[in-house]
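Each chain, written out:
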Amino acid sequence: MSTVFTTAQAMIAAAALLTLFRLLCGPAALDRIVALDVVVTLVIAGTAVHMAAHGDATPLPVLLVLALLAFIGSVAAAHLVEEREHMR
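Residues numbered from 1 in each chain as written. Predicted model: local features only at pLDDT ≥ 70, side-chain atom pairs only at ≥ 80, totals over all residues. Heavy atoms only, no water.

Participant: For this particular structure, what's the right way to read the overall build of the protein?
Facilitator: Per the secondary structure count, the protein includes 3 helices and 0 strands. Its C-alpha atoms give the protein a radius of gyration of 16 Å, clearly above 12 Å, the size a compact globule of 88 residues would have. Judged by the C-alpha coordinates and their principal axes, the protein covers about 55 × 25 × 10 Å. Sequence-distant contacts, at least 24 apart, represent 47% of the contacts inside the protein between residues at least 6 apart. Across the protein, the centroid of the 4 positively charged side chains sits 12 Å from that of the 6 negatively charged ones. (Helix = DSSP H or I, 4+ residues; strand = E, 2+ residues; numbered from the N terminus. Rg over C-alpha atoms; globule rule 2.2 N^0.38 Å. Contact = heavy atoms within 4.5 Å. Lys, Arg positive; Asp, Glu negative; His and termini not counted. Charge placed at Lys NZ, Arg CZ, Asp CG, Glu CD.)

What follows is the structure, given as structure tokens:
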């Protein structure tokens, strides 16, 4: 079973590297905002896989707060981008 968790962590790490590339080289601000949201989601997924591998649910409240903050941040960023588009 540890092979499954190791493979999942490797896939999450590869996705994070590709997303960090988009975060650094994104042509628009909206691309960077979405990439940052994906990075936070991948951190949550990686922590969840780690929790499942070790059978420890201690970081679960931290994951819930992080997910809530990521959602609020995405909504706020989308609102700011929309307001910026109206000003043009």
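Right, picking up where we left off after that structure.
Participant: Please explain the environment of Met51 as it appears in this structure.
Facilitator: Mapped onto the elements, Met51 comes out in helix α2 (residues 29-54). Judged by relative accessible area, Met51 falls into the buried class, the value being 13%. Residues Met51 and Ser2, spaced 49 residues apart in sequence, show a C-alpha to C-alpha distance of 12 Å. (Buried < 20%, exposed > 50% of the residue type's maximum accessible area, 1.4 Å probe, protein only.)

Participant: Help me understand a nonpolar patch on the surface, please; the structure alone is not making it clear to me.
Facilitator: Together, Leu68, Phe71, Ile72 and Val75 make up a nonpolar patch on the protein surface, roughly 400 Å² of accessible area in all. Here Val75 falls in the partly exposed class, since its relative accessible area comes to 46%. (Patch = residues over 30% accessible without salt bridge, like charges linked within 9 Å, V, L, I, M, F, W, Y side chains within 5 Å. Areas by Shrake-Rupley, 256 points an atom, 1.4 Å probe, with all protein chains shown as cover. Salt bridge = Lys/Arg side-chain N within 4 Å of Asp/Glu carboxyl O.)

Participant: When you look at α2 in this model, what are you seeing that I'm missing?
Facilitator: Quick reminder: α-helices carry 3.6 residues per turn. Residues three or four places apart thus point the same way. Given a rise of 1.5 Å per residue, 26 residues ought to cover 38 Å, and the 38 Å separating the end C-alpha atoms of α2 matches this to within 8%. Listed as buried for α2 are Ala35, Val39, Leu42, Ile44, Gly46, Val49 and Met51. Where α2 is buried, its residues meet α1 (2-25) and α3 (60-87). (Expected span 1.5 Å × (residues − 1).)

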